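As a plain string of letters, each chain reads:
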Amino acid sequence: MLCACDQGAPSIDSRLVTTYVDIRVMEQSLGTETPEARLARKSIVEKHGYTLESYKKAVDEILEDDSRWVPFEQAVVRHIDSLLGNPLETPGKKGKKK
């Protein structure tokens, strides 16, 4: 008998992570409700292959699933760190103290 249960971490859609980060960065400079922000948001989601509706649905699905939210947020933080040029920390390894 085969078991369909997988105890591993849920897979994270890197395209969704990138889109989410791009939108959050844009919102830091333009806000969330300005006409410019609405146009920029539409442009960003389309650049990544979403419509506004499909992007919202994908994010809502993450928000509704506790087992996916934390890994998603961790992927967001890693992506932001990589954009800032911060070295990626390997899970289970800590930096050396001086």
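Presented here is a report on the structure given in the accompanying data block. Quick caveat: nothing in here was measured; it's all calculated off a predicted structure.

**Brief notes about the nonpolar core**
Membership of the largest hydrophobic core comes to 18 residues, with the highest contact counts inside it found for Leu-16, Tyr-55 and Phe-72. Secondary-structure elements contributing two or more residues to this core are helix H1 (14-30), helix H2 (35-47), helix H3 (52-63) and helix H4 (66-84). It is H1 that contributes the most residues to this core, six residues altogether. Beyond its immediate stretch of four places on either side in the chain, Leu-16 contacts Tyr-50, Tyr-55, Ala-58, Val-59, Ile-62 and Phe-72.

**Observations regarding the pattern of salt bridges**
Tallied over the full model, the rule gives seven salt bridges. Among the salt bridges present, the one from Asp-22 reaches Lys-47, with a minimum N-O distance of 3.7 Å. One end of the pair, Asp-22, is in helix H1; the other, Lys-47, is in helix H2, and 25 residues separate them in sequence. Asp-22 gets classed as partly exposed once you look at its relative accessible area, which sits at 21%. Residue Lys-47 is classed as exposed on the basis of its relative accessible area, which comes to 60%. With a closest N to O distance of 2.7 Å, Glu-46 and Lys-42 form a salt bridge. With Glu-46 and Lys-42 both in helix H2, this residue pair falls four residues apart, about one helical turn. It is possible to trace a salt-bridge network through shared partners that takes in Arg-24, Glu-27 and Arg-41.

**Focus: H4**
For H4, built from 19 residues, the straight-helix expectation of 27 Å at 1.5 Å per residue is met to within 8% by its first-to-last C-alpha distance of 28 Å. By the burial criterion, the buried members of H4 are Pro-71, Phe-72, Ala-75, Val-76 and His-79. Seen along its axis, H4 keeps its buried residues to an arc of 150°; they face one direction. The outward face of H4, more than 90 degrees from its buried face, is lined by the exposed residues Asp-66 and Leu-84. Residues of H4 that are buried make contact with H1 and H3. One or two positions beyond H4, positive phi appears at Gly-85, with a value near 80°.

Conventions adopted
- Residues numbered from 1 in each chain as written.
- Predicted model: local features only at pLDDT ≥ 70, side-chain atom pairs only at ≥ 80, totals over all residues.
- Heavy atoms only, no water.
- Core = buried A, V, L, I, M, F, W, Y, C linked by side-chain atoms within 4.5 Å.
- Buried < 20%, exposed > 50% of the residue type's maximum accessible area, 1.4 Å probe, protein only.
- Helix = DSSP H or I, 4+ residues; strand = E, 2+ residues; numbered from the N terminus.
- Contact = heavy atoms within 4.5 Å.
- Salt bridge = Lys/Arg side-chain N within 4 Å of Asp/Glu carboxyl O.
- Expected span 1.5 Å × (residues − 1).
- Arc of directions from axis to C-beta.

So far we have only geometry, and geometry alone does not tell us how the molecule works.
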